[in-house]
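Okay, here's what each chain looks like letter by letter:
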Amino acid sequence: MNKLFLYIILLIPTFLVAQIRLQNGNTRDWWDITYYDLTIEPNIEQKTLEGKQILYFTTQPDALRNMQIDLQQSMQIDSMFVNEKRIQPTSVNAKFYIFHLEETMLKAENQMVIYFHGKLPVAANAPWDGGWVFAKDKKQRDFVGLACETDGASIWMPCKEDWKDEPDHGGKMSIIVPKGMTAVSNGNLVAEKPYSDTKTIFTWEVKNPINIYNITTYLGYYQPIKKIFKGKKGDLSMQFWALDYDVEKAGQKMKQAEKTVEVFESWLGAFPFYEDGYKLVESPYEGMEHQTAIAYGDDFQNGYSGQDISGSGVGLSWDYIMVHETGHEWFGNSITATAVTEMWIHESFTTYCETLFVESTQGKEAAQKFILGERRLVENKAPIIGEYGGDMYFKGANMIHTLRQWMNDDAKFKKMLLDMNQTFYHKQISSSEMENYITNYTKLPLKNFFEQYLRTTKIPILQYRINKKNVEYKWDNVVSRDFEMPVKLTNGTWIKPKSKWKKIKIKPEDFSIDPNFYIQKSAVN
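Note that the structure is a prediction, hence the values are computed from the model and not measured.

Cut-offs applied
Residues numbered from 1 in each chain as written. Predicted model: local features only at pLDDT ≥ 70, side-chain atom pairs only at ≥ 80, totals over all residues. Heavy atoms only, no water. Salt bridge = Lys/Arg side-chain N within 4 Å of Asp/Glu carboxyl O. Buried < 20%, exposed > 50% of the residue type's maximum accessible area, 1.4 Å probe, protein only. Helix = DSSP H or I, 4+ residues; strand = E, 2+ residues; numbered from the N terminus. Pairing = 2+ DSSP bridges. Contact = heavy atoms within 4.5 Å. Axes fitted to C-alpha atoms, helices over the stretch in contact; angles between N-to-C directions.

Visitor: What's the story with the pattern of salt bridges in this structure? I'm lost.
Guide: Charged atoms that come close allow side chains of opposite charge to pair. Under the counting rule described, the total for this entry stands at 22 salt bridges. We note a salt bridge from Asp137 to Arg141, for which the minimum N-O separation is 2.8 Å. An identical accessibility class is assigned to Asp137 and Arg141; each is buried. The shortest N-O distance in the salt bridge between Lys227 and Glu258 comes to 3.5 Å. Separated by 31 residues along the polypeptide, Lys227 in strand β16 (residues 222-231) and Glu258 in helix α2 (residues 247-268) bring together distant segments of the chain. With a relative accessible area of 31%, Lys227 lands in the partly exposed category.

Okay, here's the thing in structure tokens:
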């Protein structure tokens, strides 16, 4: 677990810089992606790629016609056509291409065709740094994966690198691989046919919107396990694409996958991508939340690499990668942040999904033990929202857990999660939209609460001092004198601290704070 957390903290800054440098509203906002149609042929031995990308898009009337297509590093565009007219793009800092489109070239529905090739970026520690992974399986056969959230999909294919714009109608990916090998991607397998005497082409399609970094592929010697899950929206196709010698292990894991989807459907609503199915794919790296094609590479162990991330003993009874990455189908894939600096919307809620899974399978006491144990991983070196934001996992989850205590109504908390996933279904939202939604739903004064936990490193301190007949208490280390959050004592009594001293008649030994509130306690004279 130390390795996991170290990667999160060290690589988030690189991730944010890589993503932010591609943002250019003047060349992005006036056109909208509707569908991707990608064909690629990776050369595994040379670690190169040739491809054809077809982007379907619409435009706003009377808009700026300068257009940006992102393609970074060693990949390059060979030729480009918009509505069958050749375009000559200009490369900018080897990160993206700019070109101008005349209004007469555009239609109500437009098609851009891009031929490209290049040397593929190789990830040193996927998924924590982005790129392709070229590995060997246990039989010394080629085993290839791809994870690019950290650096963006433009490190390997031309695209619009903008989280705010997902293709409205999904996309299709065709992958050409050596005969005998299987290529797996997002969504449903719609075609598998010979491409030549020595090659096969696999075509996969998603019908739902998909975040650009979630588009992926896996190349290996797979055998699928297929089941039908009777879920909230009917029959859900569930699959596990495992390497041929791991089919039995994968079959056992499928039972936990079904339980995970069942639990999350009860807390969060129907699986968000019924049309595209649920799929785990054995990968040559630990894991990633690729939409409907979750990377699974933790060697079929419970815990995270056989460890309990919480140190509580609870985390070894279930599969961390499976549960966490499945949670991302709701938070991250269906509900997507509009900016990488606000990824707490993805990671804080998904990390708390782990607690919900434990609660549903082992009870509330075990769940609380687990979430409290995760606090040991909080560093508080930088705010959750901002340039770094590594605490968006465990601190963010504990913020949500604290909010739940404040609400003091588990039924309403669960209903809020269900309604949230309906309200923001397949949408891209900002932090302020999420904060306002929760504030309006709960009717609680949460402005300073979110400011405290999301935008500072301060943890509220409940100061107290003991007198002969009472205990006095107040808030310290808070963002505002108006900060207010009631706190429950372990005996069930609620107190309402302010920035000025208040009193309560209670035995000093009974002044014990419910540990489920993520605050600190400090005695003063």
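Once you've had a look at it, read on.
Visitor: Quick question: what am I supposed to make of the environment of Gln291 here?
Guide: Positionally, Gln291 belongs in the loop between β19 (287-288) and β20 (294-296). You can call Gln291 buried: its relative accessible area is 0%. Sequence spacing of Gln291 and Lys172 is 119 residues, and the spatial spacing of their C-alpha atoms is 13 Å.

Visitor: Where do I start with the sheet that holds strand β18 (residues 278-282) in this structure?
Guide: An order of β16-β17-β18-β20-β19 is seen for the five strands of this open sheet, with the pairing classed as mixed. The sheet is open, and its two edges are formed by β16 and β19, each paired on a single side. Summarising the sheet, β18 and β20 pair through three bridges and their orientation is parallel. Note that in β20 the partner of Leu280 across the bridge is Ile294. Where helix α3 (residues 320-327) meets the sheet, its contacts fall on β18, β19 and β20, and the angle it forms with β20 comes to roughly 170 degrees.

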